[in-house]
Structures are given as structure tokens and as C-alpha cells.
Amino acid sequence: VQLQASGGGLVQAGGSLRLSCAASHRPLSSFAMAWFRQTPGKEREFVAAIRWGGGPAYYVDSVKGRFTISRDSSKYTMYLQMNSLRPEDTAVYFCAAEGSRRTIIRTPDAYDLWGQGTQVTVSS
């Protein structure tokens, strides 16, 4: 499976963006699909994750209530709907997937499939 992220851009604080992560073909139901973000000089940070076959979504505390992760099985695409954006959400966002673990892991080294990053910039 190859992943391709898109949807980043420049938005004012309080605005919204929707990121997409298109898979080259249908991920297995057991795959964990995740979004991470990274700013210069900092480690890649977990944002949200969901299992392709369904189940609960997981979020970092700082985005709970503002971001929603989802997937469209018919389009092999995962989304991250980002509302009430803040300047501190500015980062390069990456989508990722892994299919070997029973639990969803929040560290980037657990993921072996990555899309290219998409820049999100939130102006104050």
C-alpha cells in the first residue's frame, strides 16, 4: 500500500481544513491508519488514529473536540477534518499505516507506511 496525503494549506485561526490520505489499494481491515504532524526541530507527534476496519478513534488531547479522523472504504481514503484551527496546529502533517500490531500505537516508529507530508499553516 502506498499513501498520498493532500489538503494542506493556509488558513486563519478558527478556520477549517480537511486532509486526505489516499491509499493505492484497499488496506486490510486490521491496518491502523494514523495522522502525525511535525514542526521544525521537533519530533513527529501523534495526532489521531483509527483502524481501517472500524472501531474507536484515538486523538492527542490537544485536538480532541476539534479534529475528526474518518475513512471512506469505497475510496480507499482516510480523512482528517480539522476545525477551530489554532496557530499551534501549524505543522507538516503525515499519514501513516501499519498492519502488524493488535493495538493502535501512538509512536511514529511503529508505522512502516508513510505518505508525503502536507503543510498546514494557521495564521493568527
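In case you missed it, the structure is sitting above this.
Let me begin by describing the structure that accompanies this report. Residue numbers here run from 1 along each chain, matching the order of that chain's written sequence. For this predicted model, a pLDDT threshold of at least 70 governs which residues receive local features, and a threshold of 80 or more governs which side-chain atom pairs are given and counted, while totals over whole chains, interfaces and linings are taken from all residues. Where side-chain values are given, they derive from all heavy atoms of the structure, hydrogens and water being excluded.

**What about the overall build of the protein chain?**
Comment: elements are numbered from the N terminus, with helices defined as DSSP H or I runs of at least four residues and strands as E runs of at least two. In terms of regular secondary structure, the protein chain is built from zero helices and 11 strands. Ordered by position from N to C terminus, the α and β elements of the protein chain give β-β-β-β-β-β-β-β-β-β-β. Taking 124 residues into account, the globule formula puts the C-alpha radius of gyration at 14 Å, and the protein chain, at 13 Å, falls close to it. Overall size of the protein chain, expressed as C-alpha extent along the three principal axes, is 40 × 30 × 25 Å. The criterion used for residue contact is that any of the two residues' heavy atoms lie within 4.5 Å. When contacts within the protein chain are restricted to residue pairs at least 6 apart in sequence, those whose partners lie at least 24 apart make up 56%. Radius of gyration: over C-alpha atoms. The globule rule applied is 2.2 Å multiplied by the number of residues raised to the 0.38 power.

**Describing the state of the cysteines**
Note that a disulfide, as used here, is simply two cysteine sulfur atoms within 2.5 Å. For the structure on display, the rule yields one disulfide. The disulfide partner of Cys21 is Cys95, and the gap between their sulfur atoms is 2.2 Å. A torsion of 70° about the S-S bond marks the disulfide between Cys21 and Cys95 as right-handed. Here the residue Cys21 occupies a position in strand E3 (residues 17-23), and Cys95 occupies one in strand E9 (residues 91-98), the gap between them amounting to 74 residues. Considered together, Cys21 and Cys95 belong to a single accessibility category, that of buried residues. Throughout, exposure labels follow a simple rule: accessible area from a 1.4 Å probe, protein chains only, divided by the maximum for the residue type, with under 20% read as buried, over 50% as exposed, and the rest as partly exposed.

**A few points about the sheet that holds E3**
In this description, strands pair whenever DSSP reports at least two bridges between them. One open sheet accounts for four strands, arranged E1-E3-E8-E7; its pairing is antiparallel. Of all the strands in the sheet, just strand E1 (3-6) and strand E7 (67-72) have a single pairing partner and so form its edges. Averaged over neighbouring strand pairs, the angle between their axes works out to 15° when direction is ignored. Of the pairings in the sheet, the one linking E7 to strand E8 (residues 77-82) comprises six bridges and is antiparallel in character. By the bridge assignment for E8, Arg71 is matched with Met78. Between N-to-C directions, angles cover 0 to 180 degrees, with each direction set by a line fitted to C-alpha atoms, over the stretch in contact for helices.

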